[in-house]
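# Structure at a glance
Below are the chains, spelled out letter by letter.
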Amino acid sequence: VQLQASGGGLVQAGGSLRLSCAASGRTFTNYGMGWFRLAPGKERTFVAAIIWSSSTTYYSDSVEGRFTISRDNAKNTVYLQMNSLKPEDTAVYYCAAGLYRSSWHTRRAGYYDYWGQGTQVTVSS
């Protein structure tokens, strides 16, 4: 299984970026696909997740209303549209995949079996 994250970059506060996570190596029908981020000096935190089969979505409180997670079946790709970016969104963003168990598990990094390499997002003030 491979997860290839891309789309990070440098953007001013208030701007937008779209991250992509191209997945390959298996069928992800029963999987949850998540985005996590790791900021300097902080722990890895949950950002958003989508259940591949149902398109049910989950968001952290800090990004709810600003970020949108979606998936494209044909391209086997998950997207994270990030709008109204803030300096505190600066981090390395990782995509991950794990067999869906529950909404509780979906928000926890330890539940995911596969991880992408990360893409840097930097938001300047």
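Residues numbered from 1 in each chain as written. Predicted model: local features only at pLDDT ≥ 70, side-chain atom pairs only at ≥ 80, totals over all residues. Heavy atoms only, no water.

### Looking at the state of the cysteines
Inspection of the entire model under this criterion finds one disulfide. Residue C21 pairs covalently with C95 via a disulfide, S to S 2.2 Å. For the disulfide bridge between C21 and C95, the dihedral angle about the S-S bond is near 65°, and by the sign convention the bridge is right-handed. With C21 in strand 3 (residues 17-24) and C95 in strand 9 (residues 91-99), this pair connects stretches of sequence that are 74 residues apart. Accessibility assignment for this pair places C21 and C95 in one class, buried. (Disulfide = S-S within 2.5 Å. Helix = DSSP H or I, 4+ residues; strand = E, 2+ residues; numbered from the N terminus. Buried < 20%, exposed > 50% of the residue type's maximum accessible area, 1.4 Å probe, protein only.)

### Some details on the side chain of S60
Mapped onto the secondary structure, S60 falls in the loop between strand 6 (57-59) and strand 7 (67-72). On the basis of relative accessibility, which here comes to 9%, the residue S60 falls in the buried class. Polar contacts involving the side chain of S60 include one to the side chain of S62, which spans 3.1 Å. Setting aside chain neighbours within four positions, we find S60 in contact with F46, V47 and R107. (Polar contact = N/O pair within 3.5 Å; in protein donor to acceptor, adjacent residues only side chain to side chain. Contact = heavy atoms within 4.5 Å.)

### Brief notes about the sheet that holds strand 7
Strand pairs in the sheet, formed through backbone hydrogen bonds, run parallel or antiparallel to each other. One open sheet accounts for four strands, arranged 1-3-8-7; its pairing is antiparallel. Each edge of the sheet is formed by a strand with only one pairing partner; in this case those strands are strand 1 (2-6) and strand 7. Geometrically, the sheet is characterised by an average inter-axis angle of 15° between neighbouring strands, direction not taken into account. Bridging between strand 3 and strand 8 (residues 77-82) involves six bridges; their strand directions are antiparallel. Each bridged residue has a counterpart across the sheet, and for S20 the counterpart in strand 8 is Y79. (Pairing = 2+ DSSP bridges. Axes fitted to C-alpha atoms, helices over the stretch in contact; angles between N-to-C directions.)

### Describing the pairing of strand 7
Examined bridge by bridge, strand 7 and strand 8 share six bridges and lie antiparallel to one another. By the bridge assignment, S70 is partnered in strand 8 with Y79. The antiparallel hairpin formed by strand 7 and strand 8 contains four residues in its connecting segment, where N76 sits at a positive phi of about 50°.

### Observations concerning the nonpolar core
Counting 30 residues, the largest nonpolar core has M33, W35, L80, M82 and Y93 as the members making the most contacts within it. Only strand 1, strand 3, strand 4 (31-38), strand 5 (45-51), strand 7, strand 8, strand 9 and strand 11 (119-124) provide two or more residues apiece to this core. Core analysis: the second largest hydrophobic core is formed by nine residues, F36, I51, A96 and Y112 among them. (Core = buried A, V, L, I, M, F, W, Y, C linked by side-chain atoms within 4.5 Å.)

### Considerations on the packing of aromatic side chains
The final tally for this structure, using the stated rule, is eight aromatic pairs. Here the aromatic rings of Y111 and Y112 are separated by 4.5 Å at their centres, their planes lie at 75°, and the arrangement is edge-to-face. Among the residues examined, Y112 registers a relative accessible area of 6% and is labelled buried. Connected via pairs of aromatic rings, a cluster forms that spans F36, F46, Y111, Y112 and W115. (Phe/Tyr/Trp six-rings, centres within 6.5 Å; stacked < 30°, edge-to-face > 60°.)

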